[in-house]
Amino acid sequence: MADTPTKSATLRIDGEDNAIELPIYSGNLGPDVIDVGKLTGQGYFTYDPGFVSTASCDSEITFIDGDNGVLLHRGYPIEQLAEKSSYLELCYLLLNGELPSKEEGEAFVDTIKHHTMVNEQLRQFFMGFKPDAHPMAILCGVVGALAAFYHDSTDIDNEEHRKITAHRLIAKMPTLAAMSYKHALGQPFIYPRNDLGYAENFLHMMFATPCEDYVVSPTISKAMDRIFLLHADHEQNASTSTVRLAGSTGANPFASIAAGIAALWGPSHGGANEAVLTMLDEIGSVENIPTYIKKAKDKDDPFRIMGFGHRVYKNYDPRAKVMQQTCHEVLEELGVEDDPVLAMAKELEKIALEDDYFVEKRLYPNVDFYSGIILKAIGIPVEMFTVIFATGRTPGWIAHWCEMISGGYKIGRPRQLYKGSIKRDYPG
Ligand code: SDX
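Residues numbered from 1 in each chain as written. Predicted model: local features only at pLDDT ≥ 70, side-chain atom pairs only at ≥ 80, totals over all residues. Heavy atoms only, no water.

(A) Layout of the overall build of the protein. Each helix and strand in the protein was counted, giving 17 helices and six strands. Expressed as a percentage of contacts within the protein between residues at least 6 apart in sequence, the contacts between residues at least 24 apart total 70%. Counting every atom, the protein has about 21500 Å² of accessible surface; 51% of that belongs to carbon and sulfur. Taking the 39 positively charged and 58 negatively charged side chains of the protein as two groups, their mean positions are separated by 5 Å. (Helix = DSSP H or I, 4+ residues; strand = E, 2+ residues; numbered from the N terminus. Contact = heavy atoms within 4.5 Å. Areas by Shrake-Rupley, 256 points an atom, 1.4 Å probe, with all protein chains shown as cover. Lys, Arg positive; Asp, Glu negative; His and termini not counted. Charge placed at Lys NZ, Arg CZ, Asp CG, Glu CD.)

(B) Structural detail: the packing of aromatic side chains. One pass over the full model with this rule turns up 16 aromatic pairs. Residues Y87 and F228 carry aromatic rings whose centres are separated by 5.4 Å and whose planes lie at 40° to one another, so their mutual orientation is tilted. Separated by 141 residues along the polypeptide, Y87 in helix α2 (residues 87-96) and F228 in helix α8 (residues 218-230) bring together distant segments of the chain. Here Y87 matches F228 in class, with each residue buried. Ring centres of Y181 and F207 lie 6.1 Å apart, and the angle between their planes is 75°; this geometry places the pair in the edge-to-face category. (Phe/Tyr/Trp six-rings, centres within 6.5 Å; stacked < 30°, edge-to-face > 60°. Buried < 20%, exposed > 50% of the residue type's maximum accessible area, 1.4 Å probe, protein only.)

(C) Quick look at the side chain of S85. By secondary structure assignment, the location of S85 is in the loop between α1 (78-84) and α2. Only 2.5 Å separates the side chain of S85 from the side chain of E89, close enough to count as a polar contact. If sequence neighbours within four positions are ignored, S85 has contacts with Q80, L90, K222 and L229. (Polar contact = N/O pair within 3.5 Å; in protein donor to acceptor, adjacent residues only side chain to side chain.)

(D) Representation of the sheet that holds strand β2 (residues 20-25). Strand order across the open sheet formed by three strands is β1-β2-β3, with antiparallel pairing between neighbours. In this open sheet, the two edge strands, each paired with only one partner strand, are β1 (7-11) and β3 (33-34). Note that β2 and β3 share two bridges and pair antiparallel. Directly across from I24, in β3, lies its bridge partner I34. (Pairing = 2+ DSSP bridges.)

(E) Here's a closer look at the site of the ligand. The immediate surroundings of the ligand are formed by 24 residues, with H234, I305, H310, R319 and R393 found nearest. Within the side chain of K299, one N or O atom sits 2.9 Å away from an oxygen atom of the ligand. G307 places a polar main-chain atom, nitrogen or oxygen, 2.8 Å from an oxygen atom of the ligand. Here the ligand loses 79% of its free accessible area of 1100 Å² to cover by the protein chains. Along the lines of polarity and charge, the residues of the shell around the ligand split into nine nonpolar, eight polar and seven charged. (Near = heavy atom within 4 Å. Nonpolar A, V, L, I, M, F, W, Y, C, P; charged D, E, K, R; others polar.)

(F) Inspection of the sheet that holds strand β4 (residues 62-65) at higher detail. Taken together, the three strands give an open sheet; going across it, the order is β4-β5-β6, and neighbouring strands pair in antiparallel fashion. The two strands at the open ends of the sheet, each matched to only one other strand, are β4 and β6 (76-77). Of the strand pairs in this sheet, β4 and strand β5 (residues 70-73) are connected by four bridges, and their pairing is antiparallel. If you follow F63 over to β5, its bridge partner there is L72.

(G) Highlighting the pattern of salt bridges. Using the criterion set out here, one finds 14 salt bridges in the structure. Two residues, K295 and D301, come together in a salt bridge whose shortest N-O distance is 2.9 Å. Judged by its relative accessible area of 25%, K295 is partly exposed. Put simply, D317 and R319 hold a salt bridge, and the shortest N to O gap is 2.7 Å. (Salt bridge = Lys/Arg side-chain N within 4 Å of Asp/Glu carboxyl O.)

(H) Spotlight on the environment of D14. Following the sequence through the fold, D14 ends up in the loop between β1 and β2. Overall, the relative accessible area of 77% leaves D14 in the exposed class. Placed 378 residues apart in sequence, D14 and G392 show a C-alpha to C-alpha distance of 49 Å.

As structure tokens, then:
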């Protein structure tokens, strides 16, 4: 919880003599916060639909400066982490607050490797889904069901249990994600392999079959690792806030993460990467882009440019810039740099960024704009895109859950502005 106020705000309300003094707290970076907790006692609630101006908690994990396109994980800029770090090293950083030593990093990688298998009975769970089930529907169900398998680590007040659960979730998500894909194909599940790196192992479980060897290209596995890294955490976004709210009731971490997966699925959030490819497919050609830009600007038309805009970034999403560079590297490696979908995306981005509507509303490409093009080029089907996002975001979700549970918390319980019927008697 916030500590010593650095200044205070005075709230004067029409017709009331006494002003209300509200303490203001300062963080290490970003806006100060006004503590409005005492307003309830004065007969008022704050009103902030969508939590546009609301800080829901203290946190030390990730900082975003939306105006300047800055994203820091435990103080390290995302651009430097993308260039110099790896996904599992970032997982360690998010969970522990510091980069690992060489020995700590190796031990962490080894621990994760030895948690990648899932209980064999979970295979039956998958059999209950029809082959055409959306893999996000499967992932929501299976991750929530993990609580039925791990009774040995569900004491949320036990630090060792929280640590084991964090390792299990980070390790098992790629396995469950690949199983969701294989189930849809009707192909046998491929077991994880401890001789492969994290991203390489995921791609092997996705694309290998028992019939022949499958060797993952180093460029492709590096791109996959970077995609996971770029999705690892993002402050108090909708799905992370969902994990915190679910966790604030004392629900087990598997249930809380499953709630986060469900929230991520929406096209305004993690579902946008799938929606970008669907949108580009609907636009169909560069020639049609002006028509769709016009639709996006029409208040009466629900169409939006998916992968554009952000609640916090009113500048380029720094992850989008790294993703764009990765996109070029992957398509060049695959010899498809003249991919028509990429050409359309680049033209759409160029036209939108020059259009007054997008400039005035400060709408820029976000993390989802280019990720789908890379995933499509790697051969990952569109319906798996948000599953990839969920896999990448797992360390962020679990780091925020651990920070909340270990740091003292209250059950989240917002109030409302009631506009319904006043009290009335039942007729008769
Ligand atoms: C993610 O929060 C996070 O950190 C999320 C995330 C993470 O890592 O966790 O970064 C991941 O979810 C990225 C966002 C992915 N979603 C999309 O790409 C979907 C398209 N984007 C929009 O739906 C929208 O920009 C949101 C949902 C992302 C943000 O919505 P806000 O902050 O509520 O802003 P808004 O919808 O009120 O838009 C402000 C204005 C509106 O016009 P006015 O009502 O002011 O006239 O901009 C317009 C909107 O109509 N607008 C768009 C637009 N996005 C916003 N117009 C056309 N195309 C768009 N993409």
